[in-house]
Protein chains: 2
Amino acid sequence: MTTEFPAPAPGLRARKKQRTRDELLRAALELFTSQGYEETTVDEISEAVQVSQRTFFRHFSSKEDAAFRVQDLIESHFVTTVSGRPPGEAPLEAMRRAVLDAWNTVGEAIEALVPLELHMRTYQLIESTPSLLATHMRRSADLEEVLARVIAEREGLDVDEDPRPRLVVAAFSGVMRMTGRRWGAGNEATVESIREITAAYLDRFESALAADWHRG
Amino acid sequence: MTTEFPAPAPGLRARKKQRTRDELLRAALELFTSQGYEETTVDEISEAVQVSQRTFFRHFSSKEDAAFRVQDLIESHFVTTVSGRPPGEAPLEAMRRAVLDAWNTVGEAIEALVPLELHMRTYQLIESTPSLLATHMRRSADLEEVLARVIAEREGLDVDEDPRPRLVVAAFSGVMRMTGRRWGAGNEATVESIREITAAYLDRFESALAADWHRG
DNA sequence: GAGGCTAATGTCAGCGGCTGACGCGAAGCA
DNA sequence: TGCTTCGCGTCAGCCGCTGACATTAGCCTC
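Quick caveat: nothing in here was measured; it's all calculated off a predicted structure. (Residues numbered from 1 in each chain as written. Chains lettered and ligands numbered in written order. Predicted model: local features only at pLDDT ≥ 70, side-chain atom pairs only at ≥ 80, totals over all residues. Heavy atoms only, no water.)

Enquirer: How should I be thinking about the UniProt feature "domain: HTH tetR-type" (unreviewed entry) in chain A in this particular structure?
Expert: Listed under "domain: HTH tetR-type" (unreviewed entry) in the UniProt record, and renumbered for this structure, are residues 18–78 of chain A. Strand forms 0% of residues 18–78 of chain A and helix 79%; the C-alpha atoms that close the span are 24 Å apart. (UniProt positions renumbered as here; feature names shortened; annotations may be inferred. Helix = DSSP H or I, 4+ residues; strand = E, 2+ residues; numbered from the N terminus.)

Structure below.
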């Protein structure tokens, strides 16, 4: 556990670097959420961490990059979880379980970067800031593509031949976007809250798909 | 027709202004499509029209604004057309007819701004430029909201009470986004081509919705 | 543990998008 | 004709972002 193979005990330099990165991220999100994204200057962020502006851009490719850093983590976490679902599950079921699972386990991973509550506020900010929302939507489209390929592979399908993987993912993503929006608009900025909303929407969605629409 | 109420015969100054605006738009799109959006400088655009950079920003709130000016026209044209459909038509049918109608009539309106073919190339550019695509998707979401309200009003529904308007519009928009993408990826950059693709996709979509899925 | 090597940061100069302030000259109007 | 308006040019400046070079502090080897 101390000096093993996959953990080559990062040296002081690496740790310092990581610390700077973390502090920059925290300061950025704190400033973004407290005074607005557009209103926050990269100079302000760097100054808050006592670092030059250039250093900020060495750690984050852009101001937006900082805003979406935690999302990166969450999304890759989700993709990994989906990939790990047993092959027997139907695609929608796998994604449903994966997203609920993910919300249970991703918390501590987030917490290692920034306080969970800070991320929740950041997400609300993304939903309410036009330029960030635009990027968020494009990123979601990218994620859909990745998911479609994962699902296609699970089912042994060619994503360019069979439209169903993309369709399932599109429907699922639609529901997820809806929940994200609904949650972002509300006041319950907690993980439990988003888990609940997600579960509720997915349940309704799936039962609506499965039910006989021509009966009650 | 000459000096009527809604057309107060624009004076020389107004015409000059309009001319400058048109030239700027054309030059911008021409440069965007020929050398790329990010690679084009506002200075280049202004210089091509022999005006100061400041003048560009007096006519366009941003570089992006120029890229989406024609889209603005098309979208408002489409919304107007939908609003004008007879109330008897079902929502999906109204939107289907509106979009096909719109493609027939919007051509000359576009042509009044820029050559049609230039707009077609611009659309393809939007689809293939990340930052523009992001904005495009956010704009589509805004348009969905507007459409949902139009549909809700047609049907005498409250858009915040009944989810169906938003659902229908979401499904319709999904199909439209798909056609836009497919068309943008292809080589047939003509209005006829996009009209054909649109009609084909909508037909398949509607029949898929209407058909009995449990029979061949 | 003294040397050189390297990686993280600071500094500086500069580009491109965008804005406010001010002045000018031409179009509109009395 | 003279006054007003308004479209435009100019200038200065902020902010996001980048390349180039200097500096220093961790590290690595002898």
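Enquirer: Looking at this structure, I do not really get the UniProt feature "DNA-binding region" (unreviewed entry) in chain A. What am I missing?
Expert: UniProt annotation of "DNA-binding region" (unreviewed entry) refers to residues 41–60 of chain A when read in the numbering used here. What you have in residues 41–60 of chain A is 70% helix and 0% strand, and the ends, taken at the C-alpha atoms, are 14 Å apart.

Enquirer: Is there a simple way to think about the relation of the copies chain A and chain B in this case?
Expert: Mapping one chain copy onto the other needs a rotation about an axis and a shift along that axis. Mapping chain A onto chain B leaves a residual RMSD of 0.0 Å; the transformation is a rotation of 179° accompanied by 0.0 Å of translation along its axis. Expressed as an axis order, the relation between the two copies is that of a two-fold axis. Among all residues of chain A, the minimum C-alpha distance to the rotation axis is found for alanine 134 of chain A, at 2.4 Å. In this assembly, 100% of the residues forming the interface of chain A have copies in chain B that are likewise at the interface, indicating an isologous arrangement. (Least-squares fit on C-alpha atoms with pLDDT ≥ 70 in both. Contact = heavy atoms within 4.5 Å.)

Enquirer: When you look at the domain arrangement of chain A in this model, what are you seeing that I'm missing?
Expert: Interfaces are frequently sized by the accessible area removed from exposure as the parts join. Residue and element names in this part refer to chain A. Here the domain parsing of chain A yields domain 1 (8–60) and domain 2 (64–210). Inter-centroid distance (C-alpha atoms) of domain 1 to domain 2 is 26 Å. Listed by partner, the interface residues are 14 residues for domain 1 and 16 residues for domain 2. For the pairing of domain 1 and domain 2, the buried interface totals around 1,400 Å² over both sides, and the portion due to carbon and sulfur atoms is 67%. (Domains from an automatic or database assignment. Buried area = accessible area lost by both parts, 1.4 Å probe.)

Enquirer: When you look at the interface of chain A and chain B in this model, what are you seeing that I'm missing?
Expert: Taken residue by residue, the interface counts 8 residues in chain A and 8 residues in chain B. Roughly 720 Å² is buried in total at the junction of chain A and chain B, and carbon and sulfur atoms are behind 73% of that figure. Our count for the contact surface shared by chain A and chain B stands at 0 salt bridges. With 7 residues, helix 7 (residues 130–154) of chain A is the largest single contributor of residues to the side of chain A that touches chain B. Residues of the side of chain A that touches chain B, tallied by class, amount to 5 nonpolar, 1 polar and 2 charged. (Salt bridge = Lys/Arg side-chain N within 4 Å of Asp/Glu carboxyl O. Nonpolar A, V, L, I, M, F, W, Y, C, P; charged D, E, K, R; others polar.)

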